[in-house]
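# Residue-level structural notes
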Amino acid sequence: MGLDARFSLKGASATYAPDRTFDTEHVRIEFDLDIVRERLRGTCRTRLRALKGETTEMVFDAVNFNIHGVRWNGRRVKYTYKDGQIRVQAPKPVAADTRVTVDIDYEVVKPKLGLHFIKPDRRYPKRPTQVWTQGEDEYARYWFPCHDAPHDRTTTEVIATVPAGFTAVSNGKLVASSVNRGRRTATFHYLQSIPHATYLVTLTVGRFSEIKDKWRSVPVQYFCEKGREDDTRRAFGKTPVMLEVFSKFIGVAYPYAKYAQIAAADFIYGGMENTSATTQTDAALLDARSAIDYTSDELVAHELAHQWFGDY
C-alpha cells in the first residue's frame, strides 16, 4: 500500500514499524548514575513474549553501549552488537506465546542523545547540575536497550542510584527510596504499571525542592531548583484544576498513580509529556513581575492533555 498523494509531501516514502519477534511486556532498568563521569552503568531486564513459533533471536536497539554480558532466563548466551543493535541468540527455539527474560549488563558514557548531563562550566558557573532524558522520537535507545518503537508498549520499572543530595524522578509510583550513607548515594525505585511506549520512559535528577499538591486522591508534584519554589507555584499551580477539567471533559479520569512536573535546566523543548512525569523547561517558571504579563498555563495544559492523547 503506497502513500496517499493528497496527504503526503512530494518525495516522501512510506515508513513502516520495524519487525519484531517478541512483544515487550515489562522493562526493569536498574543502574548507578555517575554525574561527574557522565556515565550510567547497570542492568536492563526485559520480559518478552514470543509472537510466533520457532523464534531464535531478539533484537534490541542500543546506540554506543559498552555491553558487559547478556543472559537468557538467567543463562549467559551469545549475542552480536553491530550498527546500534544487540542481537540476542536464544539457547533453543522458542514456542509462540512463551515468556522469556533477557538481562543486559551495560554501560553508556557521555551519550550523544537520550540522556543529557547538565552542569556548570566556565561560561555558565551558575548553571545547576541536573540529568534528564528525552526519548522522543527514537532516543530511548541511547540510554537503555529496548525495541525503540511506539507500537510496542510495556510496563516499566526504573531503579536509579544517584549521588546523595540528589532526587531522581521517573514514571509511575515511587515504590521505595533509601539512602546509603557509606556509599553516599540515594536510590529511588519507580513502577509504571500502565503500559507505555519506550520514548515516554523518563529520568530526571537534580538537587530538587519538591512542592506537594493534590487532585482528588492523586499526588501532584512540582520539582524545581531550591529557591524557585514561588516561581514554580505560579507556573504550575493550576494543574489540579486542569486535571479536573480534562477528566470531566474527556470522560476518562486521569489514569496514572501521580502527576509530576519537573523544571529542567537547558531542556531542549518547552515540555515533554512523559507518562505521569512531565519534563518542563525551567524557562516556564515565572517571577512575580513576569507573571503580570505572561502565563505558563498553555504549556502546562498542553503537556497534561498528552497524558490522555499520545500516552494513554
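The notes below deal with the structure included here. Treat the numbers as computed from the prediction; the structure is a model and nothing was measured.

## Some remarks on empty space enclosed by the protein
- Applying the stated criterion to the full structure yields one cavity of 30 Å³ or more.
- When its volume is computed, the largest cavity comes out at roughly 50 Å³.
- Together, T24, V27, T46, M58, F60, C146, H147, D152, T154 and T198 line the largest cavity.

## What to know about the sheet that holds strand 6 (residues 79-82)
- With respect to topology, three strands assemble into an open sheet ordered 3-7-6, the strand pairing being antiparallel. In this open sheet, the two edge strands, each paired with only one partner strand, are strand 3 (55-61) and strand 6. For this sheet, the mean inter-axis angle between neighbouring strands, taken without regard to orientation, is 20°.
- Bridge count between strand 3 and strand 7 (residues 85-94): six bridges; the pairing is antiparallel. Bridge pairing in strand 7 places F60 opposite I86.

## Details of the packing of aromatic side chains
- Within the structure shown, the criterion is met by 14 aromatic pairs.
- Residues W132 and F267 carry aromatic rings whose centres are separated by 4.9 Å and whose planes lie at 75° to one another, so their mutual orientation is edge-to-face. In this pair, W132 sits in strand 10 (residues 130-133) while F267 sits in the loop between strand 18 (259-264) and strand 19 (271-272), placing the two residues 135 residues apart along the sequence. Accessibility assignment for this pair places W132 and F267 in one class, buried.
- For the ring pair Y256 and Y312, a centre distance of 6.1 Å and an interplane angle of 80° mean the geometry is edge-to-face. Of this pair, Y256 sits in the loop between helix 2 (239-250) and strand 18 while Y312 is found in the segment after helix 3 (297-311), placing the two residues 56 residues apart along the sequence.

## A closer look at the nonpolar core
- Membership of the largest hydrophobic core comes to 51 residues, with the highest contact counts inside it found for I29, L33, W72, Y106 and F144.
- If we ignore the near neighbours within four places in the chain, the residues touching I29 are T43, C44, Y106, W143, F144, E157, V158, I159 and V201.
- In this structure, I211, W215, Y222 and L285 belong to the second largest nonpolar core, which totals 20 residues.

## Examining the side chain of N171
- Checked against the element boundaries, N171 lands in the loop between strand 12 (167-170) and strand 13 (173-180).
- A distance of 3.5 Å separates the side chain of N171 from the side chain of S170, its partner in a polar contact.
- Polar contacts involving the side chain of N171 include one to the main-chain carbonyl oxygen of L200, which spans 3.0 Å.
- The contacts of N171, once residues within four sequence positions are left out, are Y190, L191, Q192, H196, L200, V201, T202, K258, N274, T275 and S276.

Cut-off values and rules
- Residues numbered from 1 in each chain as written.
- Predicted model: local features only at pLDDT ≥ 70, side-chain atom pairs only at ≥ 80, totals over all residues.
- Heavy atoms only, no water.
- 1 Å grid on protein atoms, 1.4 Å probe; cavity = no way out; pocket = protein on both sides within 12 Å on 5 of 7 lines; lining within 4 Å.
- Points joined across faces, edges and corners; volume = space filled by probe spheres on them.
- Pairing = 2+ DSSP bridges.
- Helix = DSSP H or I, 4+ residues; strand = E, 2+ residues; numbered from the N terminus.
- Axes fitted to C-alpha atoms, helices over the stretch in contact; angles between N-to-C directions.
- Phe/Tyr/Trp six-rings, centres within 6.5 Å; stacked < 30°, edge-to-face > 60°.
- Buried < 20%, exposed > 50% of the residue type's maximum accessible area, 1.4 Å probe, protein only.
- Core = buried A, V, L, I, M, F, W, Y, C linked by side-chain atoms within 4.5 Å.
- Contact = heavy atoms within 4.5 Å.
- Polar contact = N/O pair within 3.5 Å; in protein donor to acceptor, adjacent residues only side chain to side chain.

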